[in-house]
Amino acid sequence: MGPQETIAQAIARKAHAGQTDKAGVPYIEHPAHVAAQVNGDKAKATAWLHDVVEDTPITFDDLRAAGIDDDVIDALELLTHDKSVPYLDYVSNLKHNVLARTVKLADLTHNSDLSRLTKVTDADRERVQKYHLAIALLRSQ
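Note that the structure is a prediction, hence the values are computed from the model and not measured.

## Here's the deal with the overall build of the protein
So, point 1. Within the protein one finds nine helices and zero strands.
So, point 2. When the helices and strands of the protein are placed in sequence order, the string is α-α-α-α-α-α-α-α-α.
So, point 3. For 141 residues, the compact-globule estimate of 2.2 N^0.38 gives 14 Å, and the C-alpha radius of gyration of the protein, at 14 Å, lies within 12% of that figure.
So, point 4. With respect to the three principal axes, the spread of C-alpha positions in the protein is 40 × 35 × 30 Å.
So, point 5. Per-residue burial for the protein yields a buried fraction of 44% across its 141 residues.
So, point 6. By sequence separation, contacts in the protein at least 24 residues apart represent 59% of the contacts at least 6 residues apart.
So, point 7. Surface accessibility of the protein: about 7500 Å² in total, with carbon and sulfur atoms responsible for 51%.
So, point 8. Both charge centroids of the protein, one from 16 positive and one from 21 negative side chains, sit 5 Å from each other.

## Remarks on the packing of helix α8 (residues 98–111) against helix α9 (residues 122–139)
So, point 1. Remark: α8 packs on α9, axes separated minimally by 10 Å, with the N-to-C direction vectors making an angle of 155°. The pairing of α8 with α9 is recorded here as roughly antiparallel in orientation. As α8 runs across α9, the sense of the crossing is left-handed. Between α8, through Arg101, Lys104, Leu105, Leu108, Thr109 and Asn111, and α9, the contact on the second element is made entirely by Val128, Tyr131, Ala134, Ile135, Leu138 and Arg139.
So, point 2. Among the residues forming the contact of α8 with α9, the class breakdown is seven nonpolar, two polar and three charged.

## Focus on helix α2 (residues 29–36)
So, point 1. Taken residue by residue, α2 has His30, Pro31, Val34 and Ala35 as its buried positions. With its buried residues spanning 135° around the axis, α2 presents them on a single face.
So, point 2. In this structure, the buried residues of α2 make contact with α3 (41–49) and α8.

What counts and what doesn't
- Residues numbered from 1 in each chain as written.
- Predicted model: local features only at pLDDT ≥ 70, side-chain atom pairs only at ≥ 80, totals over all residues.
- Heavy atoms only, no water.
- Helix = DSSP H or I, 4+ residues; strand = E, 2+ residues; numbered from the N terminus.
- Rg over C-alpha atoms; globule rule 2.2 N^0.38 Å.
- Buried < 20%, exposed > 50% of the residue type's maximum accessible area, 1.4 Å probe, protein only.
- Contact = heavy atoms within 4.5 Å.
- Areas by Shrake-Rupley, 256 points an atom, 1.4 Å probe, with all protein chains shown as cover.
- Lys, Arg positive; Asp, Glu negative; His and termini not counted.
- Charge placed at Lys NZ, Arg CZ, Asp CG, Glu CD.
- Axes fitted to C-alpha atoms, helices over the stretch in contact; angles between N-to-C directions.
- Parallel < 35°, antiparallel > 145°, perpendicular 65-115°, else oblique.
- Left-handed = near helix turned anticlockwise from the far one by under 90°.
- Nonpolar A, V, L, I, M, F, W, Y, C, P; charged D, E, K, R; others polar.
- Arc of directions from axis to C-beta.

The values reported here are purely geometric and, on their own, carry no functional implication.
Structure, rendered in structure tokens:
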């Protein structure tokens, strides 16, 4: 494990402690899975942290103070969805950052796996359709 991933994993585990996902599974399993799907220290660090600022009290300044590299912070700023920005615009805005795009593709792939849920609703199916559009957008040049 590289130095950035080591720091990021520790931050993510602490930040997401006690959180669960839609299936009732400890939330940390999601960033762990995303990190396992990408290669390189900075990509893995980005994956571990991709939901931290959006879903916990941790800030970008906290991440900088902990030693997270600027390249990772730049990707995380793009990955943190400002709810006032339409979803596909948000996805389009991160497309040209290699770290952000790589992690978002792994994130969307994991989030699109409905087999993780015990009960699949119409809202789940609609969300996955939106994710498939985002995946296509990220894969297009």
